[in-house]
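# Architecture and fold: a report
As a plain string of letters, each chain reads:
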Amino acid sequence: MGSNNRRDFLKVGAALSGSLLLSQASGFSKTSSTGKSEKKNVNIKQRTLGKGRQRIEVSSVGLGCMGMSWNRSFVPDKKSSIAVIRKAYEMGVTLFDTAEAYGPFANEELVGEAIASFRKEIILCSKFGFDIQNGKMTGGFNSKPKHIREVVEQSLKRLKTDVIDLLYQHRVDPNVPMEDVAGTVKDLIQEGKVRNFGLSEAGVQSIRKAHAVQPLTAIQTELSLMSREPLTDIFPVCEELGIGFVPYSPLCRAYLTGYLNERTKFVPGNDNRPTLPRYKSEAIIANWSIIGFLTDFGNQRGLTAAQVSLAWLLAQKPWVVPIPGTSKLAHLQENIWSSDVEFTPDELSEITSAISKIKIVGDRYAKPQTS
């Protein structure tokens, strides 16, 4: 192609790209201003969490909404966040995750407003289990049956709905027998206020105890290329019992996107990362080789580091549904497109082998979460 023809080609390509971005942005703005969302002709792949009566069909990638209100240094403009949630639905996402603890309370209110026009078309998830006093987290747990009921009633109001599709215990409460927790949720299911039960950061014994009382639909626990422990301890029991797995922080709180570095400034009052060993400057630097590998691997295939990370998770089991969080439309699209990526066995082996040779510096939490 001659140089003049190539310049003309690039001009046309730029114009077309600009038109596409403009049309997407216009649709995005329209959705956020009218409050109405209409699902487009999307072809996002579907997956199943749970089995039997506890089985639910969801998009292969969900949306974690926490960072739109809490724990990510900045709080985005409310209208922008609502628009991202609605755009996610238009793009085919049907699994939306929140919790009373996120804010506290603010994220449930945000999600409730955002999903109102398509509430019946999605799977709405929330959580109970932390002790919250006067609108502030105390650092303790509370899964007493009476409190679970109180939380559900309050969450239903904030979410502007009459039922929670998937209710998780946010953390195992050592002071309340798991049988009592599961029994309470079972009663709520029978009463029609909850449809399905899940556990977050629960160990094998807790999972078995809960499942024996009220069959579980999903386990939600941190899982990423940097936090792979559930593959060896939780996955076998999930497969045995027919329980789905929902990885939270599948991009390691943005680290695996390459978005963070040792100079990143966190706001301690609204970000838990400064308290986590893995996000200390020295750990961020020490672990950077994983970003280098993901970037090099992705560059050869037209993928971002985030897409490689999410696609690797999706390749582990057909009942794995990650819920990456974002407040940005571009990242939302990037994450959703990861569901279209299919690695060959050799590629999957290459990723797994390379990552397993990298020693990860810094624990994911200062204290263990799974119990």
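In this text, all values refer to a predicted model and were calculated from it rather than measured experimentally. (Residues numbered from 1 in each chain as written. Predicted model: local features only at pLDDT ≥ 70, side-chain atom pairs only at ≥ 80, totals over all residues. Heavy atoms only, no water.)

## Comments concerning the pattern of salt bridges
Scanning the entire structure with this criterion turns up 19 salt bridges. Between Glu-342 and Lys-45 there is a salt bridge, with its nearest N and O atoms 2.7 Å apart. Taken together, the positions of Glu-342 in the loop between helix H12 (329-337) and helix H13 (345-356) and Lys-45 in the loop between helix H1 (3-34) and strand S1 (46-49) put the pair 297 residues apart, joining distant regions of the chain. When salt bridges with common partners are traced through the structure, they connect Glu-201, Glu-222, Arg-253 and Arg-364 into a single cluster. (Salt bridge = Lys/Arg side-chain N within 4 Å of Asp/Glu carboxyl O. Helix = DSSP H or I, 4+ residues; strand = E, 2+ residues; numbered from the N terminus.)

## Examining the packing of helix H3 (residues 106-114) against helix H4 (residues 145-159)
Taken N-terminus to C-terminus, the directions of H3 and H4 make an angle of 45 degrees; their axes are 7 Å apart at the nearest point. With respect to H4, the element H3 is oriented oblique. Residues Glu-108, Glu-109, Val-111 and Gly-112 of H3 form the contact with H4, whose own contacting residues are Ser-155, Arg-158 and Leu-159. For the contact of H3 with H4, the per-class residue count stands at two nonpolar, two polar and three charged. (Axes fitted to C-alpha atoms, helices over the stretch in contact; angles between N-to-C directions. Parallel < 35°, antiparallel > 145°, perpendicular 65-115°, else oblique. Contact = heavy atoms within 4.5 Å. Nonpolar A, V, L, I, M, F, W, Y, C, P; charged D, E, K, R; others polar.)

## Observations regarding the sheet that holds strand S9 (residues 194-200)
With parallel pairing, the seven strands of this open sheet are ordered in space as S3-S4-S5-S8-S9-S10-S11. This sheet does not close on itself; its edge strands, each paired only once, are strand S3 (63-64) and strand S11 (244-248). Pairing geometry for strand S10 (residues 216-222) and S11, over five bridges, is parallel. Bridging across to S11, Gln-220 finds its partner in Val-246. On the sheet, H4 packs against strand S5 (123-128), strand S8 (164-169) and S9 and is oriented at approximately 140 degrees with respect to S5. (Pairing = 2+ DSSP bridges.)

## A word on the packing of aromatic side chains
According to the stated counting rule, one finds nine aromatic pairs in the structure shown. Both rings, one in Tyr-255 and one in Trp-288, keep their centres 5.7 Å apart while their planes meet at 90 degrees; by these two values the pair is edge-to-face. Residue Tyr-255 is located in the loop between S11 and helix H9 (281-286), and its partner Trp-288 is located in helix H10 (residues 288-299); the two are separated by 33 residues in the primary sequence. What makes Tyr-255 buried here is its relative accessible area of 1%. (Phe/Tyr/Trp six-rings, centres within 6.5 Å; stacked < 30°, edge-to-face > 60°. Buried < 20%, exposed > 50% of the residue type's maximum accessible area, 1.4 Å probe, protein only.)

## Considering the pairing of S9
Among the seven residues in S9, six count as buried, and that is most of the element. Inspection of the sheet shows S8 paired to S9 by five bridges, in the parallel sense. Within S9, the residue paired with Leu-166 across the bridge is Asn-196. You can see the chain leave S8, run along helix H5 (residues 178-190) and come back into S9, and the turn it takes is right-handed. Both S9 and S10 contribute to a ladder of four bridges, which runs parallel. Its bridge partner lying in S10, Leu-199 is registered against Ile-219. (Right-handed = clockwise from strand over helix to strand, strands pointing away.)

## As for the packing of helix H11 (residues 305-314) against H12
The contact between H11 and H12 brings their axes to 8 Å, and the two run at 40 degrees. The orientation of H11 relative to H12 falls into the category oblique. Once H11 is placed against H12, the crossing between them reads as right-handed. Listed contacts from H12 to Ala-306, Gln-307 and Leu-310 of H11 are Glu-334, Asn-335 and Trp-337. Looking at the contact of H11 with H12 residue by residue, the classes come out as three nonpolar, two polar and one charged. (Left-handed = near helix turned anticlockwise from the far one by under 90°.)

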